[in-house]
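# Examination of the molecular architecture
The primary structure of each chain is shown beneath.
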Amino acid sequence: MNIYATVVLAAGKGTRMRSALPKVLHPLAGAPLLAHVLKAIEDFPLSFPSLDTRPFSHRPVVVLGHGAAQIEAGFAERCLYALQDEQLGTGHALLAAQAVVEALHPVPQTVLVCYGDMPLIRSETLARVLGEHLTQQATITFLTAYTQQPSDFGRVVRDASGHVREIVEVRRATEEQKRINEINSGVYCFDRQWLWPTLQALPRNSAGEYYLTDLIAIASTQGRAIMTVQGTIDETIGVNDRVQLAASEQVLRRRILERHMYSGVTIVDPATTYIDDDVRIGRDTVILPSTMISGKTTIGTNCRLGPGTVIEQSVLGDGCIVRTSMLEEAVLEDDVTVGPFSHCRPGAHLAHGVRMGNFAEVKNSYVGTQTDMHHFSYLGDATVGEHVNIGAGTITCNYDGVRKNHTAIGAHAFIGSDTLLVAPVTVGERAHTGAGAVVRHDVPPGALVVGVPARFLRMVESPEHASVEDGQ
Ligand code: UD1
Ligand code: CA
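In this text the structure is predicted, and so the values were computed from the model without any measurement.

## Focus: the overall build of the protein
Helix and strand counts for the protein come out as nine helices and 43 strands. In terms of overall size, the protein is more extended than a compact globule, its C-alpha atoms giving a radius of gyration of 30 Å where 472 residues would be expected to give roughly 23 Å. If you line up the protein on its principal axes, its C-alpha atoms span 100 × 45 × 40 Å. When each of the 472 residues of the protein is scored for burial, the buried share is 51%.

Shown next as structure tokens:
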């Protein structure tokens with residue numbers, strides 16, 4: 001079996017970001033830069049369907065320096081860590097991982113290296129580099145790309161017969177070399193036995209650093225086998241500053257949208273639709289313009305979301321409609337409709353068939369099956385049964401200035417327009433409240449209460465018999 005180790009270099013300061021946050025923690029499509037790189041590495045075995053003996057990898061080794069504690073706290077068990085005390089260049093950073101890599105069992109023959117600031121790299125591409133490296137039994141295999149704007153990438157210098165001679169960093173490149181449009185993407189496979197002694201002997205270059213890229217010239221001089229694999233420039237974008245961060249965001253978002261479209265989701269206007277990487281969406285759901293779906297959100301089939309809708313970290317069943325509204329950490333079962341202009345805050349759970357209309361807010365509340373709350377109302381810290389009518393302007397007065405108190409509304413209750421439910425309070429099943437009632441005491445099942453403060457008026461049989469405003 002082919003054993004390899006992956007090393008991700010992430011110790012750099014990220015000076016060009018001009019940020020207090022370590023560069024690899026800057027978010028991209030809802031997850032830190034480093035998380036995207038790790039995901040590509042972790043999904044990697046899936047990219048080898050055709051190989052009989054799939055290569056085996058250990059957990060990635062991440063080299064940390066600047067902001068080490070913060071990064072390690074965020075990724076914990078997901079990786080192994082090595083520390084580069086002083087940031088003396090990418091070659092020096094890789095050497096810092098030697099002890100951790102050498103302590104792995106079984107010992108890897110191949111070390112795959114990538115940078116923590118290349119979030120667009122795809123598993124298939126890593127697999128291609130490793131596959132080529134193993135097949136050719138090369139000393140070094142690295143990923144290159146062609147571009148008309150090689151900007152600050154290292155240039156790949158080849159000789160007349162096309163053999164790689166070196167990688168020249170732009171700072172040290174001649175004018176002629178600067179015009180080379182084959183660039184170093186920043187993914188490498190090394191033969192471990194050659195790598196460590198060569199890295200240890202690597203001299204400081206004129207920039208006062210140890211460049212990983214200088215290994216290429218050394219291998220070339222020694223007549224070692226150096227292979228290259230060609231990738232596309234978009235997955236190579238290295239995020240050095242916030243302009244590149246935005247450019248990566250655009251590429252990644254497009255990729256995410258296309259993934260959903262190919263799997264059966266209609267996205268009417270990709271230019272104004274923002275979907276995070278971890279979002280899952282069922283078939284035949286339609287997403288209308290100016291809609292943003294973030295976090296670990298799951299959406300069922302046949303939903304209609306937008307225009308102008310924001311959904312964060314929520315779960316939606318099938319057939320939901322959410323128009324020009326906001327959902328945060330909410331759960332909507334099947335066939336729920338929300339909006340326009342409504343807000344579900346954390347802990348809102350709308351059961352099957354709930355209809356929540358305009359200017360309504362639900363927070364930390366369960367709203368039972370087929371309940372209606374069509375206009376201007378607030379439910380906070382409440383439990384509402386099924387088939388309840390919440391009249392226009394109903395408010396749960398859940399906060400007494402010290403505590404949040406609970407409101408319970410039984411099934412088939414009928415809350416008249418402009419009712420204030422002063423929590424803690426319980427409205428029994430099939431009970432009614434009159435328009436403008438201020439309910440300070442529990443209402444028995446089937447009773448009608450009216451007035452300020454609300455008083456018992458009589459028993460009611462069914463909603464049809466109630467002589468109250470229904471607010472519909
Ligand atoms: C590097 C390559 C360049 C390539 C480009 C691709 C070198 C010398 N140059 O340049 O050929 O075209 O990436 O994006 O490798 N890091 C450390 N410790 C250090 C220095 C850097 O861990 O001492 C890490 C950084 O955190 C970063 C990565 O290595 O994640 C790359 O470093 P960076 O300074 O961004 O290199 P580039 O100038 O982009
Ligand atoms: Ca970089």
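After presenting the structure, the write-up continues.
## Here's the deal with the coordination of the calcium ion (ligand 2)
Looking at the calcium ion (ligand 2), one finds its protein donor set to be Asp-117 (OD) and Asn-240 (OD1), positioned 2.3 to 2.4 Å from the metal centre. Separated by 123 residues along the polypeptide, Asp-117 in the loop between strand 7 (110-115) and helix 5 (123-136) and Asn-240 in the loop between strand 12 (226-231) and helix 9 (242-262) bring together distant segments of the chain. A residue is classified by how much of its surface remains accessible, and Asp-117, at 13% relative accessible area, is buried.

## Comments concerning the side chain of Ser-342
Summarising the element assignment, Ser-342 is placed in the loop between strand 25 (337-338) and strand 26 (343-344). On the basis of relative accessible area, Ser-342 is assigned to the buried category, the value being 5%. At a separation of 2.4 Å, a polar atom in the side chain of Ser-342 contacts the main-chain carbonyl oxygen of Gly-357. With sequence-adjacent residues up to four places away left out, Ser-342 is seen in contact with Thr-324, Ser-325, Met-326, Met-356, Gly-357, Asn-358, Phe-359 and Ala-360.

## A few points about the domain arrangement of the protein
You can read the domains of the protein as domain 1 (3-242) and domain 2 (265-470). Computed from C-alpha atoms alone, the centre-to-centre distance between domain 1 and domain 2 is 51 Å.

## Describing the pairing of strand 10 (residues 164-168)
Bridge count for strand 9 (residues 155-158) against strand 10 is four bridges, and the pairing is antiparallel. Residue Val-157 lies in a different strand from strand 10, and its bridge partner there is Glu-166. Hairpin connection from strand 9 to strand 10: five residues lie between these consecutive antiparallel strands, with Gly-162 at a positive phi of about 90°.

## Describing the packing of helix 7 (residues 192-200) against helix 8 (residues 214-221)
Where helix 7 contacts helix 8, the axes come no closer than 11 Å and their chain directions differ by 110°. The angle between the axes of helix 7 and helix 8 places the two elements in the roughly perpendicular class. Regarding helix 7 and helix 8, the two cross each other, and that crossing is right-handed. Of the residues in helix 8, those in contact with Trp-194, Leu-195, Thr-198 and Leu-199 of helix 7 are Leu-215, Ile-218 and Ala-219. Taken together, the residues that form the contact of helix 7 with helix 8 break down as six nonpolar, one polar and no charged.

## Description of the site of ligand 1
Surrounding ligand 1, one finds 23 residues, the nearest of these being Gln-84, Gly-89, Tyr-115, Glu-169 and Asn-184. At a separation of 3.4 Å, an oxygen atom of ligand 1 approaches a polar backbone atom of Leu-88. Summarising the interface, the protein chains cover 91% of the accessible area of ligand 1, which totals 760 Å² for the free molecule. Of all elements in the fold, only strand 1 (3-10), helix 3 (90-95) and strand 11 (182-191) reach the threshold of two or more residues within the shell around ligand 1. Of the residues that constitute the shell around ligand 1, the class distribution is eight nonpolar, eleven polar and four charged.

## Description of the sheet that holds strand 25
Pairing in this open sheet of twelve strands is mixed, and the strands run 13-16-19-22-25-28-31-34-37-40-42-43 from one edge to the other. Looking at which strands have only one partner, the edges of the open sheet turn out to be strand 13 (266-267) and strand 43 (455-459). The sheet contact formed by strand 37 (residues 414-415) and strand 40 (residues 432-433) spans two bridges and is parallel. In the strand pairing of strand 40, Phe-414 is matched with His-432.

## Some thoughts on the sheet that holds strand 24 (residues 331-332)
Within the open sheet, the nine strands sit side by side as 15-18-21-24-27-30-33-36-39. Their pairing is parallel. Every interior strand has two partners, whereas the edge strands, strand 15 (280-281) and strand 39 (425-427), have only one. Across three bridges, strand 36 (residues 407-409) lies against strand 39 in parallel orientation. Looking at strand 39, one finds that Ile-409 is bridged to Val-427.

## Some thoughts on a nonpolar patch on the surface
Taken together, the side chains of Phe-341, Phe-359 and Phe-376 make up a nonpolar region of the molecular surface, amounting to roughly 340 Å² of accessible area. By the secondary structure assignment, Phe-359 is in the loop between strand 28 (355-358) and strand 29 (361-363).

## Looking at the packing of aromatic side chains
Scanning the entire structure with this criterion turns up five aromatic pairs. Each ring, one from Tyr-115 and one from Tyr-188, has its centre 6.0 Å from the other, and the planes form 65°; the classification is edge-to-face. Taken together, the residues span a long stretch of sequence, with Tyr-115 in strand 7 and Tyr-188 in strand 11 at a distance of 73 residues. The class of Tyr-188 is buried, set by a relative accessible area of 0%. For the ring pair Phe-359 and Phe-376, a centre distance of 6.2 Å and an interplane angle of 20° mean the geometry is stacked. With a gap of 17 residues between them, Phe-359 in the loop between strand 28 and strand 29 and Phe-376 in the loop between strand 31 (372-375) and strand 32 (378-380) connect regions that are remote in the sequence. For Phe-359, a relative accessible area of 49% translates into the label partly exposed. Every member of this aromatic cluster is reached through a ring pair, and the members are Tyr-115, Phe-142, Tyr-188 and Phe-190.

## Concerning the nonpolar core
In this structure, Val-7, Leu-94 and Phe-190 are the most contacted members of the largest nonpolar core, which totals 65 residues. Ignoring sequence-local partners within four residues, the contact set of Phe-190 consists of Leu-94, Gln-109, Thr-110, Val-111, Val-113, His-133, Thr-139, Ile-140, Leu-195, Leu-212 and Leu-215. In this structure, Val-322, Leu-327, Val-336 and Ala-437 belong to the second largest nonpolar core, which totals 57 residues.

## Quick word on the environment of Asp-159
Mapped onto the fold, Asp-159 is located in the loop between strand 9 and strand 10. At 3.0 Å, the side chain of Asp-159 forms a polar contact with the side chain of Ser-161. There is a polar contact of 2.7 Å between the side chain of Asp-159 and the side chain of Arg-165.

## Considering the pattern of salt bridges
A complete count under the given rule lists 19 salt bridges for this structure. Note that Arg-254 and Glu-258 form a salt bridge whose closest N and O atoms lie 3.0 Å from each other. Of this pair, Arg-254 and Glu-258 both sit in helix 9, four residues apart, which is roughly one turn of the helix.

Cut-offs applied
Residues numbered from 1 in each chain as written. Chains lettered and ligands numbered in written order. Predicted model: local features only at pLDDT ≥ 70, side-chain atom pairs only at ≥ 80, totals over all residues. Heavy atoms only, no water. Helix = DSSP H or I, 4+ residues; strand = E, 2+ residues; numbered from the N terminus. Rg over C-alpha atoms; globule rule 2.2 N^0.38 Å. Buried < 20%, exposed > 50% of the residue type's maximum accessible area, 1.4 Å probe, protein only. Donors = N, O, S within 2.8 Å, 3.2 Å for Na, K, Ca; no water. Polar contact = N/O pair within 3.5 Å; in protein donor to acceptor, adjacent residues only side chain to side chain. Contact = heavy atoms within 4.5 Å. Domains from an automatic or database assignment. Pairing = 2+ DSSP bridges. Axes fitted to C-alpha atoms, helices over the stretch in contact; angles between N-to-C directions. Parallel < 35°, antiparallel > 145°, perpendicular 65-115°, else oblique. Left-handed = near helix turned anticlockwise from the far one by under 90°. Nonpolar A, V, L, I, M, F, W, Y, C, P; charged D, E, K, R; others polar. Near = heavy atom within 4 Å. Areas by Shrake-Rupley, 256 points an atom, 1.4 Å probe, with all protein chains shown as cover. Patch = residues over 30% accessible without salt bridge, like charges linked within 9 Å, V, L, I, M, F, W, Y side chains within 5 Å. Salt bridge = Lys/Arg side-chain N within 4 Å of Asp/Glu carboxyl O. Phe/Tyr/Trp six-rings, centres within 6.5 Å; stacked < 30°, edge-to-face > 60°. Core = buried A, V, L, I, M, F, W, Y, C linked by side-chain atoms within 4.5 Å.

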